[in-house]
Amino acid sequence: MEHRTSFRRGLRLGVPFAAVGFFLSVSFGVLARQAGFSVAQASVTAVIVFAGSAQFAALSVVTAGGGIPAALTAGSLMNARFLAMGIALAPSLPGGPLRRAAQGQTVVDSSWALAHRGDGTFDRWLLFGTTVPQYLAWTLGSFVGAVSGDLLGDPDRLGLDAIYPVFFLSLLIAELRGRTSRSVAIAGALVALALVPIAPPGIPILAASAVALVGVVRWAR
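As recorded in an unreviewed UniProt entry, the chain goes by the name 4-azaleucine resistance transporter AzlC, listed as coming from Nocardioides marinus. Annotation of the chain in UniProt includes, under Sequence similarities (unreviewed entry), the sentence "Belongs to the AzlC family." The chain has a UniProt comment under Subcellular location (unreviewed entry) that states "Cell membrane".

Student: Describe the overall build of the chain, and please don't skip the residues or the numbers.
Tutor: When helices and strands are tallied, the chain shows twelve helices and zero strands. Going through the 221 residues of the chain one by one, you find that 38% of them count as buried. Here the contacts in the chain between residues at least 6 apart in sequence split such that 71% fall between residues at least 24 apart.

Student: Describe the nonpolar core, with residues and values.
Tutor: With twelve residues, the main nonpolar core is built from Leu24, Phe28, Ala32, Phe37, Ala42, Ala46, Phe50, Phe56, Leu59, Val108, Trp138 and Ala146. Counting residues per element, this core draws most heavily on helix α1 (residues 2–34), which supplies three residues.

Student: Break down helix α5 (residues 81–89) for me, with residues and values.
Tutor: Within the sequence span of α5, burial applies to Arg81, Ala84, Met85 and Leu89. Down the axis, α5 shows its buried residues gathered within 135° of arc, on one side only. Exposed residues pointing more than 90 degrees away from the buried face of α5 are listed as Leu83 and Ile87.

Student: Let's hear about the UniProt feature "transmembrane region" (unreviewed entry) in the chain: which residues, and what values?
Tutor: Here the UniProt-annotated "transmembrane region" (unreviewed entry) positions come out as residues 48–72, 125–146, 158–176 and 183–199. The span residues 125–146 is 100% helix and 0% strand, and its two end C-alpha atoms sit 32 Å from each other.

Student: For a positive patch on the surface, give the residues involved together with the corresponding values.
Tutor: A cluster of like positive charges, contributed by Arg4, Arg8, Arg9 and Arg12, occupies part of the molecular surface. The topology assignment puts Arg9 in helix α1. Classification of Arg9 as partly exposed rests on a relative accessible area of 43%.

Student: Hey, could you go over the packing of α1 against helix α3 (residues 52–63) for me, with residue numbers and the actual values?
Tutor: Relative to each other, α1 and α3 sit at 20°, their axes nearing to 11 Å. Here α1 lies roughly parallel to α3, going by the angle between them. Both α1 and α3 take part in a crossing whose hand is left-handed. Between α1 and α3, the contacting residues are Leu24, Ser27, Phe28, Leu31 and Ala32 on the first element and Gln55, Phe56 and Leu59 on the second. Here the residues of the contact of α1 with α3 are counted per class, giving six nonpolar, two polar and no charged.

Student: Would you mind going over the packing of aromatic side chains in detail, with residue names and values included?
Tutor: With the rule as written, the count across this model stands at five aromatic pairs. Arranged with centres 5.6 Å apart and planes meeting at 80°, the rings of Phe22 and Phe23 form a pair that is edge-to-face. Its relative accessible area of 24% is what places Phe22 among the partly exposed residues. Assessed through its relative accessible area of 44%, Phe23 is described here as partly exposed. Judged by centre distance (5.4 Å) and plane angle (80°), the rings of Trp125 and Phe128 are edge-to-face. With Trp125 and Phe128 both in helix α8 (residues 124–147), this residue pair falls three residues apart, about one helical turn. Its relative accessible area of 27% is what places Trp125 among the partly exposed residues. By relative accessible area, which is 12% here, Phe128 ends up buried. Among the aromatic residues, those joined into a ring-pair cluster are Phe7, Trp125 and Phe128.

Rules and cut-offs
Positions within a chain are numbered from 1, following the residues in the order the chain's sequence is written. In keeping with the predicted nature of the model, local features appear solely for residues at pLDDT of at least 70, side-chain atom pairs appear and are counted solely at 80 or more, and the whole-chain, interface and lining totals rest on all residues. Side-chain figures throughout are based on the complete set of non-hydrogen atoms in the structure, without hydrogens or water. UniProt positions are given in the numbering used here, feature names are shortened, and annotations may be inferred rather than shown by experiment. Helix and strand assignments follow DSSP, with helices taken as H or I runs no shorter than four residues and strands as E runs no shorter than two, numbered in order from the N terminus. Residue burial is assigned from relative accessible area. The probe radius is 1.4 Å, only protein chains are included, and a residue is buried under 20% of its type maximum, exposed over 50%, and partly exposed in between. Contacts are assigned to residue pairs that have any heavy atoms within 4.5 Å of one another. Only buried Ala, Val, Leu, Ile, Met, Phe, Trp, Tyr and Cys residues count toward a nonpolar core, and they belong to the same one when joined by side-chain atoms within 4.5 Å. What the arc describes is the spread of directions from the helix axis to the C-beta atoms. Exposure above 30% relative accessible area and the lack of any salt bridge qualify a residue for a patch; like charges then connect within 9 Å, and the nonpolar side chains Val, Leu, Ile, Met, Phe, Trp and Tyr within 5 Å. For every accessible area listed, the method is Shrake-Rupley and the probe measures 1.4 Å; residues are considered covered only by the protein chains on display. Each salt bridge in this description consists of a side-chain nitrogen of Lys or Arg and a carboxyl oxygen of Asp or Glu lying within 4 Å of one another. The positive count covers Lys and Arg only, the negative count covers Asp and Glu only, and His and the chain ends enter neither. By convention, charge coordinates are those of NZ in Lys, CZ in Arg, CG in Asp, or CD in Glu. All axes here are fitted lines through C-alpha atoms, helices being fitted over the stretch that makes contact, and every angle between N-to-C directions spans 0 to 180 degrees. Relative orientations are named as follows: roughly parallel for angles under 35 degrees, roughly antiparallel for angles over 145 degrees, roughly perpendicular for angles from 65 to 115 degrees, and oblique for any other angle. Here is the rule for handedness: rotate from the far helix to the near one, and if that takes an anticlockwise turn smaller than a right angle the crossing is left-handed, while a clockwise turn gives right-handed. Under the grouping applied here, Gly and all other residues not named as nonpolar or charged are polar, the nonpolar ones being Ala, Val, Leu, Ile, Met, Phe, Trp, Tyr, Cys and Pro and the charged ones Asp, Glu, Lys and Arg. The rule is short: rings of Phe, Tyr and Trp, with Trp giving its six-membered ring, pair when the centres are within 6.5 Å, and they are stacked under 30 degrees, edge-to-face over 60, tilted in between.

The following block contains the structure:
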């Protein structure tokens, strides 16, 4: 019963983020079609990857004329933050390596943040429940964007480009409850800002994630 309660609560908490994700994925579908993707290719990419920042990073490389290896590298770098998130989550997932890896596929930024109990542990059923509506909305939005791209035109004209920073800022604010969290966030932000002008896409996020992980471990001692 406790698991069902957590899962249902996760479903409710995930709905607002799913709504945001829907509009973001619509813009991905539109841009993917403009980059030469078919409706099927854009939709399958969303279903398999399910990672907005990685999808947009890879898409930007393809749009600029880059090859598949470069696009995959850019997307992988953008998703490198999940390494730190996975390390933090792993002790809260039962089972062997394969079972934990399967459960870890449900991790997205908002679900990870909402499932965090504040004491270093995570409610995995809340995590699962929060991800379900987001996954459904993301795949549906990508399909809608890919199909109706010609009607919507430039996503920036609709203000969809502003959703991403607002989305991540809302997650950050919720996590800045303690002094340690604020210190780690500031350190990571400074590193990322310093690297943005000189490093390839994804590297600033990877470096900031590493700084945050080291900072949390250091202050936890």
